[in-house]
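Fold and contact review
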Amino acid sequence: MITVSRRGHPTRIFDPSSNKSVIFISSDCVLVFGYTGVAYLDRIPTDQWLAQELWGAPIVADDSGGIPMVGGQRPGRKRINQILFGLRNRLRATPGGDQVEIMAVGYRYYRNRFTPLLIAFDGAEGTLKAPMMTMRPSTDKAGREAMIGTIPTRATIDEARSEAPILQRLNELQLAAHVASIHTSVVRRTAAKTVTVGPHVMKIMIPTSHHRSWGRGPWQRKIVCQFDPLVSETGARDDAASALGAPSAFSPWVVTDVGFQPAAFMGNMGIVRNFRGWSVELSQTRPNAALGANVFSAQKRPAMPR
């Protein structure tokens, strides 16, 4: 959700379903990027700015105002280390970048092995309190407190965990879905108390199936995206997409070495795309959903407010 603030105080909701995620698939990594903070950089949505930086060349809309899917070799063919440090430098050089924090989680592929990767950095010029570029979680309390965004309280997390059903004998994807459901509950509990946090949730999971192989596989090479919107007690969607009269979902950006797929809106269908040998499930039809019109189009984003 994007809100408009005046003098540091939120005044209104600007976009209730804005995308904030980018999936990046390269020869040496598969990562999910997210951001928090200012929602527009260089007068374009921050997720589009992030996708553009990962792609390595400007991404522009067509005459209809939409961004088409593009195939071809990625112009910015660099290793993940170069990409991350370059991204931080560009964020520092962009007006408003000091009010944005970028996070990425996923796997790095190195020496025929996938290893977990978690990274967070902002666009502020380095201070002792600013998160530093690191390939591992920060252990510095001041660094964590400096992160931009709303951090849920321990009580909120404990409440969400206590109300989750106790499940046993789960496979990897089932366990990931169980954990994601707890995260969703935390987001919505936080949203109920914080006007700048929206209740719609994008869940992105990367099943690995390599628990005892030290990252050597077997790998499913699969990414599952599940847009989980807040649904009212009447079953109606809590945004303008409900006007379609069909189950609907949003998907994040997907940037790869061989093309990109912009953030999209889709109707009553599940869509799977194949990128560089990775199967990306962009949406899932909701259980027991009524049939409706099939829709697939680039997600329309409002221009930056003046």
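Anyway, here's the lowdown on the structure attached to this text. (Residues numbered from 1 in each chain as written. Predicted model: local features only at pLDDT ≥ 70, side-chain atom pairs only at ≥ 80, totals over all residues. Heavy atoms only, no water.)

Before going further, it helps to examine the overall build of the protein. Summing up its helical and strand segments, the protein has 5 helices and 18 strands in all. Buried residues in the protein amount to 44% of all 306 residues. Nonlocal contacts in the protein, meaning residues at least 24 apart in sequence, comprise 60% of its contacts between residues at least 6 apart. In the structure as shown, the protein presents an accessible area of about 16,600 Å², 53% of it carried by carbon and sulfur atoms. (Helix = DSSP H or I, 4+ residues; strand = E, 2+ residues; numbered from the N terminus. Buried < 20%, exposed > 50% of the residue type's maximum accessible area, 1.4 Å probe, protein only. Contact = heavy atoms within 4.5 Å. Areas by Shrake-Rupley, 256 points an atom, 1.4 Å probe, with all protein chains shown as cover.)

Another aspect to go through is the pattern of salt bridges. With the rule as written, the count across this model stands at 10 salt bridges. Here arginine 90 and glutamate 53 are joined by a salt bridge, their closest N and O atoms 3.2 Å apart. Of this pair, arginine 90 sits in helix α2 (residues 80–93) while glutamate 53 sits in helix α1 (residues 46–55), and the two are 37 residues apart along the sequence. Judged by its relative accessible area of 33%, arginine 90 falls in the partly exposed class. Owing to a relative accessible area of 23%, glutamate 53 belongs among the partly exposed residues under this scheme. The salt bridge involving arginine 74 is made with aspartate 257; its shortest N-O contact spans 2.8 Å. Highlighted residues: arginine 74 in the loop between β7 (70–71) and α2 and aspartate 257 in the loop between β13 (253–256) and β14 (259–261), separated in sequence by 183 residues. In this structure, arginine 74 and aspartate 257 share a single accessibility class: buried. Three or more residues joined by partner-sharing salt bridges are found here, namely Asp15, Asp47 and Arg301. (Salt bridge = Lys/Arg side-chain N within 4 Å of Asp/Glu carboxyl O.)

Spatial strand order, β10-β11-β17-β16: 4 strands in an open sheet with mixed pairing. Of all the strands in the sheet, the pair left with one neighbour each is β10 (201–205) and β16 (272–275). Within the sheet, the average angular offset between the axes of one strand and its neighbour, ignoring direction, is 15°. Here β16 runs beside strand β17 (residues 278–281); their pairing, made up of 4 bridges, is antiparallel. Bridging across to β17, arginine 273 finds its partner in valine 280. The sheet strands contacting helix α5 (residues 172–191) are β10 and β11 (222–228), and the helix crosses β10 at an angle near 155°. (Pairing = 2+ DSSP bridges. Axes fitted to C-alpha atoms, helices over the stretch in contact; angles between N-to-C directions.)

Looking now at the pairing of strand β9 (residues 114–122). Bridge analysis of strand β8 (residues 100–109) against β9 gives 9 bridges, and the strand direction is antiparallel. Among the inter-strand pairings, alanine 104 is bridged to a residue of β9, identified as isoleucine 119. Connecting the antiparallel pair β8 and β9 is a turn made up of 4 residues, with arginine 111 showing a positive phi of about 55°.

From the geometry alone we can't say anything about function, so treat these as descriptive.
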